[in-house]
Number of protein chains: 2
Amino acid sequence: MDTLAATETFRDYLSRYITYTDEEWAIASKGFVFSTLKKKAYFAEVGKVSNELGFIYKGSARYLHIRNGEEITNYFTFAPDFISAYKSFLRREPGHNYIQMLEDSELVIVTHKHWHFMLEHPQLAHKTERLGRLIAEHYLCCYDDRVASFVTKSPEERYLELLDEGKEVIQRIPQHYIANFLGITPVSLSRIRRRILA
Amino acid sequence: MDTLAATETFRDYLSRYITYTDEEWAIASKGFVFSTLKKKAYFAEVGKVSNELGFIYKGSARYLHIRNGEEITNYFTFAPDFISAYKSFLRREPGHNYIQMLEDSELVIVTHKHWHFMLEHPQLAHKTERLGRLIAEHYLCCYDDRVASFVTKSPEERYLELLDEGKEVIQRIPQHYIANFLGITPVSLSRIRRRILA
DNA sequence: TTAAAACGTTAACAAAAGATAAGAAAAACA
DNA sequence: TGTTTTTCTTATCTTTTGTTAACGTTTTAA
């Protein structure tokens, strides 16, 4: 996909939150950067301040921690979606997790500098503030669901729930990543699967 | 506390996110409503669209679900803080949880209508959008931590973590609520406590 | 293409959690 | 104050999960 098409895909994705006029979009998109990341490459790393907000229009990624020397996969993202070490990006602090590509991927990058340019540019500021608010609100609601499922459901129920929604996740992701995502061990997930099939 | 003092407490709390000028604040605060809720009263209920964003300046509350006929406490809030059925408030959908006061409480209420008045008023719009964004971002980061603790830590570790941070929670909240919050049963929390003391 | 690494399942045992019930202590309240 | 309700702990038993290790299969990469 060329950069123009990528930019349009991004614009189209954003339209669920906000619609910039052509003129506004011309100003905003001038600052976008395009990036290709190979499978296993890192978009964000522990200990580094993430200066980039990414829009992944091709590919996928996983979020992971290292815990007692072991990788624990936290979350997945599939194109088209945002990809970001929010906390690090927003607070300008060193991050606590890695973001690694699951396949060769292509992204539109909004640097921290450009994001703030958009937040301060007279013509873009208001819509950009709203965009930022709506995006944060959207993910807030997602997190709310996720926490609720940890609090009110058993691992088996969480897995069944995932089967219902996350068709893509189930088919494209190694099972031990999914186990981590559910907060259990890979061995335990394997047993749950056997239990369900029986 | 009288309504003027309450309004000032609210303004002071908001100053961590944004500072309205006196003139702006005069416009904004005109629409605030004041509410007193007794212990056990509900701020939000399942099945009802929440039309109110609350700022609790005195008191505390818990968020809870009903699951198989049993209450499951999800979260706690202590003054001063926001209190809101976000998902319901933001999306105008019937809510999936209750918010119940843990003690007699006093709140500043921003109705959905007034919030949108603030988002659209020429003098307030920009700061209000930013306020909304910063609040959402703040809670997003909180949720991120909470999910990470479910994914990477055992119930016992989550409890120890809570002991470190949440002094208030530990002392003022019944233990079976805390057990719910940690995603385990009250019996299990009791055993964890014995294990730790030994 | 071949060697190495990663993946998923299963087994065996230990540790922890869920469910249920009983009883004591504390808190609510009338 | 006295009674009821709530809260917390403990015990027993069952179920589930964690841990470690083994094995066959698939994928990766040299």
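Going by the structure above, here's the rest.
Residues numbered from 1 in each chain as written. Chains lettered and ligands numbered in written order. Predicted model: local features only at pLDDT ≥ 70, side-chain atom pairs only at ≥ 80, totals over all residues. Heavy atoms only, no water.

Can you lay out the packing of helix H8 (residues 175–182) of chain A against helix H9 (residues 186–197) of chain A for me, pointing to particular residues and giving the numbers?
The description of two helices packed together rests on the angle between their axes and the distance between the axes. Residues and elements named next belong to chain A. Across the interface, H8 lies against H9 with an axial gap of 8 Å and an inter-helix angle of 95 degrees. Here H8 lies roughly perpendicular to H9, going by the angle between them. Contact residues: H8 offers Gln 175, His 176, Ile 178, Ala 179 and Leu 182, while H9 offers Pro 186, Leu 189 and Arg 193. Considering only residue class, the contact of H8 with H9 consists of 5 nonpolar, 2 polar and 1 charged. (Axes fitted to C-alpha atoms, helices over the stretch in contact; angles between N-to-C directions. Helix = DSSP H or I, 4+ residues; strand = E, 2+ residues; numbered from the N terminus. Parallel < 35°, antiparallel > 145°, perpendicular 65-115°, else oblique. Contact = heavy atoms within 4.5 Å. Nonpolar A, V, L, I, M, F, W, Y, C, P; charged D, E, K, R; others polar.)

Any details on the relation of the copies chain A and chain B? Residues and values, ideally.
For the match of chain A to chain B, the screw axis carries a shift of 0.0 Å, the RMSD comes to 0.0 Å, and the turn is 180 degrees. These values place the two chain copies in the arrangement generated by a two-fold rotation axis. Identified as the residue of chain A closest to the rotation axis by C-alpha distance is A:Arg133, at 1.9 Å. The overlap is high: 100% of the interface residues of chain A also sit at the interface in chain B, so the same surface is used on both sides. (Least-squares fit on C-alpha atoms with pLDDT ≥ 70 in both.)

How would you summarise the protein's contact with DNA strand D if you had to cite specific residues and measurements?
Neighbouring DNA strand D are 18 residues; A:Lys39, A:Thr185, A:Arg191, A:Arg195 and B:Gln175 lie closest to it. A share of 66% of the atoms of DNA strand D within 4 Å of the protein falls on sugar and phosphate groups. B:His176 places a polar side-chain atom, nitrogen or oxygen, 3.1 Å from a phosphate oxygen of DNA strand D. When residues of the surface near DNA strand D are traced back to their parent elements, those giving at least two are H9 of chain A together with helix H8 (175–182) and helix H9 (186–197) of chain B. Each residue belonging to the surface near DNA strand D can be placed in one class, and the counts come to 6 nonpolar, 5 polar and 7 charged. (Near = heavy atom within 4 Å. Polar contact = N/O pair within 3.5 Å; in protein donor to acceptor, adjacent residues only side chain to side chain.)

Explain the packing of helix H1 (residues 3–14) of chain B against helix H2 (residues 22–30) of chain B to me, using residue names and the numbers behind them.
All names here are of chain B. H2 packs onto H1 with a crossing angle of 120 degrees between their chain directions and a minimal axis gap of 12 Å. Accordingly, the angle class assigned to the pair H1 and H2 is oblique. Viewed along their axes, H1 and H2 form a crossing whose handedness is right-handed. For the pair H1 and H2, contact is made by Thr 7, Glu 8, Phe 10, Arg 11 and Leu 14 and by Asp 22, Trp 25 and Ser 29, respectively. (Left-handed = near helix turned anticlockwise from the far one by under 90°.)

Purely spatial values, then, with no claim about function.
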